[in-house]
Amino acid sequence: MGGPGRRAGPDPVRNFERWKKKYTKRKNKLRLQQKQRKRPEWEVEREGIARLEQRYPEINPNEIERFSDFPLSKKTLKGLQEAQYRMVTEIQRQTIGLSLQGKDVLGAAKTGSGKTLAFIIPALERLYRQQWTSMDGLGVLIISPTRELAYQTFEVLRKVGKNHEFSAGLIIGGKDLQQEANKIHHINILICTPGRLLQHMDETSYFHASDLQMLILDEADRILDMGFADTMNAIIENLPKKRQTLLFSATQTKSVKDLARLSLKDPEYVWVHEKAKFSTPATLDQNYIVCGLEQKINMLYSFLRSHLNKKSIVFYASCKEVQYLFRVFCRLRPGIPILALHGKQQQMKRMEVYNDFIRKKSAVLFATDVAARGLDFPAVNWVIQFDCPEDANTYIHRVGRTARYKEGGEALLVLLPSEEKGMVHQLSQRKVPVNEIKINPEKLVDVQKKMQAFLAQDQELKERAQRCFVSYLRSVYLMKNKEVFDVFKLPLAEYKKANGVPIFKNDIWDDLDNCRPVSVTSVLGRIMECQYGTRFHKE
Ligand SMILES: Nc1ncnc2c1ncn2[C@@H]1O[C@H](COP(=O)(O)OP(=O)(O)OP(=O)(O)O)[C@@H](O)[C@H]1O
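Keep in mind the model is a prediction, meaning the values are calculated, not measured.

**Notes on the overall build of the chain**
Here is step 1: A tally of regular secondary structure across the chain gives 22 helices and 14 strands.
Here is step 2: Viewed in the frame of its principal axes, the chain has a C-alpha envelope of about 115 × 70 × 40 Å.
Here is step 3: Counting across all 539 residues of the chain, residues that qualify as buried make up 52%.
Here is step 4: Long-range pairs, those at least 24 residues apart, make up 76% of the contacts in the chain with a sequence separation of at least 6.

See the structure below:
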């Protein structure tokens, strides 16, 4: 009942139209759901997959900002969202599309720029697209150079892939081979180190990779270098040629010889920071100091004393140095927790240290290059290279343990006077900006007397000091770049003194000098003779 002067009420016709539209939409949705319910799940999934695949050719990296801009499965997108990953990084933006399209990809981007997700996401999608099940066996193989890196990648995969049904496994050695063998044939995505993988290929009769869809090499240049050459050649022989291959690293290999072994098919090269001014993160502040051998330990001790609330990693050239200096520093009590990580530790211990360092807010980790690549320890403030790295690539990976994903960080390289010229030149050629800073001698705390007192009281520590001494010399001797590393230029007497190793009556340096050119064994033989021989015992 309406009359003049009254406000018009809601229009019943429009209301009805609206209701009818909503009703029809709901009815159609229900009908579709009912229809789908009658069809097997895999068939419905198949249709969803076909819709995603239709979008692949249109992927345009320039239009991608978020992960949801890629045609990814709901399961992957949900995993990413739950792990708080929304916006893509540059390497992810540029490579995920190519990998989804099935191309072989060589991806290079600075340390800490998100390469892990750049290969994990396409791996998940590849198996999802093929509706892979645990019955289908091994579909994706991810090879990492170290156990810790493999474990870390496994954790990222578990987090992001948790809504998928495939199984993932970690095969890194240090565990019972039979136990691993019992599980290996159920694994769809296998993350492994090269040595252990080959062992299973050789010894586990029911392990086969004949249906492998995708091979991923993380830290590809390291995996393909001389150290792993024989193992990798044997592994590749066991893999089907028809597969997709993804290679990632901050220092990518361009060597045709390396790549030929992998039989890549028209690979796409994505060098994200190729034109960047520097090859290290912009948020990383890098310095070097020139320090005599005799002052190195004093320098490190003084550094740690003045950075008690920081988290640092100190890199050494050999396991024996880490072992010895870890003990010495624990005794010197700099006032900050000290941890040690190296390849000679038991697997349990390695994992314990790795997890401990992740949790700690302030601590210092003494490590060899097992920790140089890929590890994503949160909030590391400082990377100190106590021993000069083998080359600029090793330098780049070591300093990359800090200043990760938009965070800041600082790096300090300790160089001997004999190493300065060659190393600084190499770094500048590789676009690494390092500034020299001078040590303030007044700020150096002298711990040499204390160290010598420890050694005098502790025979085991003394032996460790000697082993450290020999292994340091050996590592320098074996370095290829003789412009930087010349064992004959090292002031050995000062080194021995710095490490608290008793000084011998005869300076072994003269002996070494006389027997050039020499093989490693003869150098070491001389060193050992001088250290453990009669002259030493008579002291
Ligand atoms: N899209 C993203 N959004 C937010 N954080 C991200 C994203 N991608 C990666 N990260 C974070 O950035 C950090 C570095 O990533 P990642 O370890 O993959 O780097 P990387 O390029 O493989 O480094 P490296 O060369 O040292 O191996 C990690 O903590 C990761 O969680």
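From this point on, the discussion continues.
**A few points about the state of the cysteines**
Here is step 1: All told, the structure shown has zero disulfides when counted by the stated rule.
Here is step 2: In this model Cys468 remains outside any disulfide bridge; the closest cysteine sulfur is found in Cys319, 11 Å from its own.
Here is step 3: We classify Cys468 as buried; its relative accessible area is 0%.

**As for the UniProt feature "domain: Helicase C-terminal" (unreviewed entry) in the chain**
Here is step 1: As recorded in UniProt, the feature "domain: Helicase C-terminal" (unreviewed entry) lies at residues 296-445.
Here is step 2: Between the end C-alpha atoms of residues 296-445 the distance is 11 Å, and the span holds 39% helix and 18% strand.

**Quick look at the packing of helix α2 (residues 41-55) against helix α5 (residues 115-129)**
Here is step 1: Closest axis-to-axis distance for the α2/α5 pair is 10 Å, and the angle between their directions is 130°. As summarised for this structure, α2 and α5 are arranged oblique, according to the angle between their axes. Each of Glu45, Arg46, Ile49, Leu52 and Glu53 in α2 lies in contact with α5, whose residues at this interface are Glu125, Tyr128 and Arg129.
Here is step 2: Partitioning the contact of α2 with α5 into residue classes produces three nonpolar, no polar and five charged.

**Details of the site of the ligand**
Here is step 1: Of all residues adjacent to the ligand, which total 20 residues, the nearest are Tyr85, Met87, Lys115, Thr116 and Asp376.
Here is step 2: A distance of 2.8 Å separates an oxygen atom of the ligand from a polar side-chain atom of Tyr85.
Here is step 3: Within the backbone of Gly112, an N or O atom sits 2.8 Å from an oxygen atom of the ligand.
Here is step 4: When the ligand is considered free in solution it has 640 Å² of accessible area, and contact with the protein chains removes 88% of it.
Here is step 5: With three residues, the top contributor of residues to the shell around the ligand is α5.
Here is step 6: Here the residues of the shell around the ligand sort into six nonpolar, eight polar and six charged.
Here is step 7: Two domains each provide a minimum of three residues to the shell around the ligand, namely domain 1 (43-274) and domain 2 (284-449).

**Quick word on the side chain of Glu148**
Here is step 1: Of note, Glu148 is situated in helix α6 (residues 147-160).
Here is step 2: In this structure Glu148 comes out as buried when scored by relative accessible area, which is 0%.
Here is step 3: A polar atom in the side chain of Glu148 sits 2.7 Å from the side chain of Arg350.
Here is step 4: Residue contacts for Glu148: discarding those within four places in its chain leaves Leu341, Arg350, Tyr354 and Leu375.

**Some points on a nonpolar patch on the surface**
Here is step 1: The grouping of Phe16, Trp19 and Tyr23 at the surface amounts to a nonpolar patch, some 360 Å² of accessible area in total.
Here is step 2: With respect to the element layout, Phe16 can be found in helix α1 (residues 12-38).

**Re the environment of Ile358**
Here is step 1: Position of Ile358 among the secondary structure elements: in helix α14 (residues 347-359).
Here is step 2: For Ile358, a relative accessible area of 28% translates into the label partly exposed.
Here is step 3: The spatial distance from the C-alpha of Ile358 to the C-alpha of Ala379 is 8.8 Å, given a sequence separation of 21 residues.

**Things to note about the pairing of strand β11 (residues 363-367)**
It is a general feature of regular strands that their side chains alternate between the two faces of the sheet.
Here is step 1: Burial analysis of β11 places five of its five residues in the buried class, which makes it a mostly covered element.
Here is step 2: Summarising the sheet, strand β9 (residues 311-315) and β11 pair through five bridges and their orientation is parallel. The residue of β11 that forms the bridge with Ser312 is Val364.
Here is step 3: At this point the chain moves from strand β10 (residues 338-341), through α14, to the parallel β11, and the crossover so formed is right-handed.

**Some points on the sheet that holds strand β5 (residues 214-218)**
Here is step 1: A sheet is described by the order of its strands in space; here seven strands give the open sequence β3-β4-β2-β5-β6-β1-β7, paired in parallel fashion. The sheet terminates laterally at β3 (168-171) and β7 (268-271), the two strands that pair on one side only. Between one strand axis and the next, the sheet turns by 15° as a mean value, whatever way the strands run.
Here is step 2: Sitting on the sheet, α6 touches β2 (140-143), β3, β4 (189-192) and β5, and the angle it makes with β3 is about 170°.

**With respect to the side chain of Glu321**
Here is step 1: Relative to the assigned elements, Glu321 resides in helix α13 (residues 319-332).
Here is step 2: The side chain of Glu321 is buried and forms no salt bridge, while Lys296, the nearest opposite charge, is found at 6.1 Å.
Here is step 3: Ignoring any residue separated from it by four or fewer positions in sequence, one finds Glu321 in contact with Tyr316, Phe326, Phe386, Asp387, Cys468, Ser471, Tyr472 and Tyr495.

**Quick notes on the sheet that holds β9**
Here is step 1: The strand order across the open sheet formed by seven strands is β10-β11-β9-β12-β13-β8-β14, and the pairing between neighbours is parallel. With partners counted over all chains shown, the strands left at the sheet margins are β10 and β14 (435-436), one partner each.
Here is step 2: Direction of pairing for β9 relative to strand β12 (residues 382-385): parallel, over a ladder of four bridges. If you follow Val314 over to β12, its bridge partner there is Ile384.
Here is step 3: Most of the contacts of α14 go to β10, to which it runs at about 135°, and overall it touches β9, β10 and β11.
Here is step 4: Sitting on the sheet, helix α15 (residues 392-399) touches β8 (284-290), β9, β12 and β13 (409-415), and the angle it makes with β12 is about 150°.

Cut-offs used in this document
- Residues numbered from 1 in each chain as written.
- Predicted model: local features only at pLDDT ≥ 70, side-chain atom pairs only at ≥ 80, totals over all residues.
- Heavy atoms only, no water.
- Helix = DSSP H or I, 4+ residues; strand = E, 2+ residues; numbered from the N terminus.
- Buried < 20%, exposed > 50% of the residue type's maximum accessible area, 1.4 Å probe, protein only.
- Contact = heavy atoms within 4.5 Å.
- Disulfide = S-S within 2.5 Å.
- UniProt positions renumbered as here; feature names shortened; annotations may be inferred.
- Axes fitted to C-alpha atoms, helices over the stretch in contact; angles between N-to-C directions.
- Parallel < 35°, antiparallel > 145°, perpendicular 65-115°, else oblique.
- Nonpolar A, V, L, I, M, F, W, Y, C, P; charged D, E, K, R; others polar.
- Near = heavy atom within 4 Å.
- Polar contact = N/O pair within 3.5 Å; in protein donor to acceptor, adjacent residues only side chain to side chain.
- Areas by Shrake-Rupley, 256 points an atom, 1.4 Å probe, with all protein chains shown as cover.
- Domains from an automatic or database assignment.
- Patch = residues over 30% accessible without salt bridge, like charges linked within 9 Å, V, L, I, M, F, W, Y side chains within 5 Å.
- Salt bridge = Lys/Arg side-chain N within 4 Å of Asp/Glu carboxyl O.
- Pairing = 2+ DSSP bridges.
- Right-handed = clockwise from strand over helix to strand, strands pointing away.
- Lys, Arg positive; Asp, Glu negative; His and termini not counted.

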